[in-house]
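Spelled out from the first residue to the last, the chains are:
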Amino acid sequence: MEPLDPSQEVHPQGRLDADERGNGRAEEILGAVRFAAESFLTSQTMSERIDEVLAHLGTAAEVSRVYVFENELAADGDLVTSQRFEWAAADVTSEIQNPVMQRLSYARSGLEMWSRALSRGRIYEARAGEYTRSELDFAIPQHIQSYILVPLMVEGSWWGFIGFDECRSPRKWDSAVKDALQAAGSILSAAIQGWNARREKERLLERQRAFTEAAWRRAAEWEAVLASIVDGVWVFDTDLQVTFANEGARRIFGARRIEDLLRPWSEYVIFAEIFDMSEKSVGFEEQPPNRALQGHAVSDVGMQLVLRSTGERKYLGVSAAPIRDSSGRIVGAVAVATDRTQQVEFGRLKDQFIRVAAHELKTPVAIMKGYAQLALRVGDQTSPSQVDRLRAIDRGSDRIDRIIQDLLSVSQVYAEGFTLHFKPADLRELTVAAIGSLSKEAPDRQVLLDAPSPAPVQVDVDRIEYVLRSLLDNAVRYSPAGGPITVTVDVEADEGLASTGGRGTVTVSVSDQGIGVGPDKQAHLFEPFFRAHTDTPYDYGGMGVGLFTSREIVRQHGGTIWFESKEGAGSTFHFRIPLGEAG
Amino acid sequence: MSGHRVLIVDDDPDLLALMAETLDLEGYVVESATNGARALDALERGMPDLILLDMKMPVMDGREFTRRFRETHDHEAPIVVVTAAADARKSADEIGANGFIGKPFDLDVLLDTVAREVARA
């Protein structure tokens, strides 16, 4: 690049003067550098004392301007630099307001020689007579005879520069001055690094404070939520110390204050004894919080408490889960307990009501039925129409008795199931007998039996009779047009089948050609009190508990019950139980 | 016909009368009591061949009667429980009775059971 030097013509004499003036100022400059170091040490930010420092430097070096530029990357990746601070001598114009000095592109303004030198940590200097064309564009409007730029390097990268303008003559900077200016640059660089670190630290602190505040707020929200829910909530640490409990938890254990609950879980025995729903004491290791700490989630397990203070019994549904940190390590557990005491007690009351009512009904029914039968028995002077009436009373009594039986069965299923009295029997014989009693009640119905072999089983005879009667009753009831009812007793003795103890199974199937059950109703057939044909022309009465109870009976015999049905074509119900020899 | 003595213990007078009349018609010698305590008194007048025993009665129930009866009379007379309990068989098993009849019952069942038990005794 050919140097153009119009300033040399403008100030032909300036050079020598400047050289002489520059010499001997290094000591003053170093004094200003010392001042800079002291000032920066006590400054929290760059802007705090930089104007003072630049003024000292400018005065000491006897220059026209001192300024600081900071680099940044523009959005398009271009490196630009902006003037941040300036000191100007009284006899020159200030350039701090000059928009050209903001976001000045090294590449696009032809100032690559600046960036080339400065980015490598080297000083750049130029003076009138040696300026490039693009340098002239700056120098002439600002009357710069010579200038020197000292790079500012922060954490190993080029941050910007501190520059010195000389507007009086094209000064030549001697090496002592340059060293002193370089020292000023180094001090400023170090100070910027310190300020950056401080700013970074403050930003981190601010973030941490904001985060902490958010966490506190979130915790307060959760605490409010937990406090206001009705269920009891406990939080445990890994030593099973309770670190949180809510009002619901206090109520459940009948403690005076929530603080009383903040103790090791093992000490909760002072409040209550803990049982499972079958009144068995629950071992410490098996309790939900312990299970949760072992990594198992517990979902709505029924438990009972007997409070030591009042003897009160409480029924709870307890859930618990481990609390894990971000790495998946278990750091605690949470347990939630729903107080179901009222529901359970209401359920018991209902069952008790059904049992008592059923029991109390049985005696009057026995009297009705018995006297009707007695009147028939001694009926020497009974007319035929009176015989019919007495038989109707007898049948009506039987129907009431069936309803009572149904109610009792359902209540037994719900209250921990039946007591079964197993004894050896032949399911084929039981089936034949059930068909026999059906024929007495519905003599016009044709029942086809296919039972080629005996079926030895271990069953509760009364209960299995109930199942057979339910299936046969349904077949009769829901095939009003008549049509044969087909019953099969199918023995599958399977010596090899380990799951049946090498004994095999027997399946009883009852088919009718009746009205069938629609697909939408099929899923509900085994529900208590569900009656598929309620409010239809095929509503023949009944409690809707036969299949529900039958399924429970079959289940307790280790068997299964199922059906196929097609609306308008009929239904087939099957139950299968294991074969079992006597003894 | 039979001439066997049957003691019927039931607090319901109608049911008691029904059973008494039914058995009487079949030739049994029937004695009645409306609770366990009266039944114990009745035993003073002679040991029956069979006791038909309701379980739930005021003053003294079937369970307590059985306990006291066994104390003094061991198994001198068979006991058949006549009960309205949900599980009649269980009630009978619990007191070690010889048989059971669930209420309501067919008179045939009553007569068959009584006949079987007195024949066995």
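Rules used in this analysis
Residues numbered from 1 in each chain as written. Chains lettered and ligands numbered in written order. Predicted model: local features only at pLDDT ≥ 70, side-chain atom pairs only at ≥ 80, totals over all residues. Heavy atoms only, no water. Contact = heavy atoms within 4.5 Å. Buried area = accessible area lost by both parts, 1.4 Å probe. Salt bridge = Lys/Arg side-chain N within 4 Å of Asp/Glu carboxyl O. Polar contact = N/O pair within 3.5 Å; in protein donor to acceptor, adjacent residues only side chain to side chain. Helix = DSSP H or I, 4+ residues; strand = E, 2+ residues; numbered from the N terminus. Nonpolar A, V, L, I, M, F, W, Y, C, P; charged D, E, K, R; others polar. Core = buried A, V, L, I, M, F, W, Y, C linked by side-chain atoms within 4.5 Å. Buried < 20%, exposed > 50% of the residue type's maximum accessible area, 1.4 Å probe, protein only. Phe/Tyr/Trp six-rings, centres within 6.5 Å; stacked < 30°, edge-to-face > 60°.

**Some thoughts on the interface of chain A and chain B**
Working step 1: Every contact between the two is made by 22 residues of chain A and, on the other side, 24 residues of chain B.
Working step 2: Overall, the association of chain A and chain B removes approximately 2,100 Å² of surface from exposure, summing both partners, and the carbon and sulfur fraction of that is 58%.
Working step 3: For A:Asp462, the salt bridge identified is with B:Arg89, shortest N-O distance 2.9 Å.
Working step 4: Taken together, the links from chain A to chain B amount to 10 residue pairs in polar contact (both at pLDDT 80 or more).
Working step 5: Per-element tally for the side of chain A that touches chain B: the top contributor is helix 10 (residues 341-377) of chain A, with 13 residues.
Working step 6: Among the residues forming the side of chain A that touches chain B, the class breakdown is seven nonpolar, seven polar and eight charged.

**Here's the deal with the nonpolar core**
All names here are of chain A.
Working step 1: Membership of the largest hydrophobic core comes to 43 residues, with the highest contact counts inside it found for Leu427 and Phe575.
Working step 2: Top contributing element to this core by residue count: helix 13 (residues 461-477), with nine residues.
Working step 3: Formed by 37 residues, the second largest nonpolar core is a distinct cluster that contains Val63, Leu152, Trp159 and Val177.

**Remarks on the packing of aromatic side chains**
All names here are of chain A.
Working step 1: Within the structure shown, the criterion is met by 19 aromatic pairs over all chains.
Working step 2: For the pair phenylalanine 40 and tryptophan 195, a centre-to-centre distance of 5.0 Å together with 80° between the ring planes defines the contact as edge-to-face. Of this pair, phenylalanine 40 sits in helix 3 (residues 26-41) while tryptophan 195 sits in helix 7 (residues 175-228), and the two are 155 residues apart along the sequence. Comparing phenylalanine 40 with tryptophan 195, the two get one shared label, buried.
Working step 3: A centroid spacing of 5.9 Å and a plane angle of 55° characterise the contact between phenylalanine 253 and phenylalanine 271, whose relative ring orientation is tilted. Here the residue phenylalanine 253 occupies a position in helix 8 (residues 247-253), and phenylalanine 271 occupies one in the loop between helix 8 and strand 9 (272-276), the gap between them amounting to 18 residues. Exposure class is identical for phenylalanine 253 and phenylalanine 271. Each is buried.
Working step 4: Taken together, Tyr67, Phe69, Trp114, Tyr124, Tyr131, Phe138, Tyr147 and Phe161 form an aromatic cluster joined through their ring pairs.

**Examining the side chain of A:Ser134**
Working step 1: Note that A:Ser134 resides in helix 6 (residues 133-142).
Working step 2: Beyond its immediate chain neighbours, meaning those up to four positions away, A:Ser134 contacts A:Ser109, A:Gly110 and A:Met113.

**Let's talk about the environment of A:Thr93**
All names here are of chain A.
Working step 1: Considering the arrangement of structural elements, one finds threonine 93 in the loop between strand 2 (79-88) and strand 3 (104-105).
Working step 2: Threonine 93 gets classed as partly exposed once you look at its relative accessible area, which sits at 46%.
Working step 3: When the C-alpha positions of threonine 93 and glutamine 142 are compared, they lie 7.6 Å apart, and in sequence the two are 49 residues distant.
Working step 4: Not counting chain neighbours up to four residues away, the residues in contact with threonine 93 comprise Arg65 and Ala88.
Working step 5: Within polar-contact distance, the side chain of threonine 93 engages the side chain of glutamate 95 at 3.3 Å.

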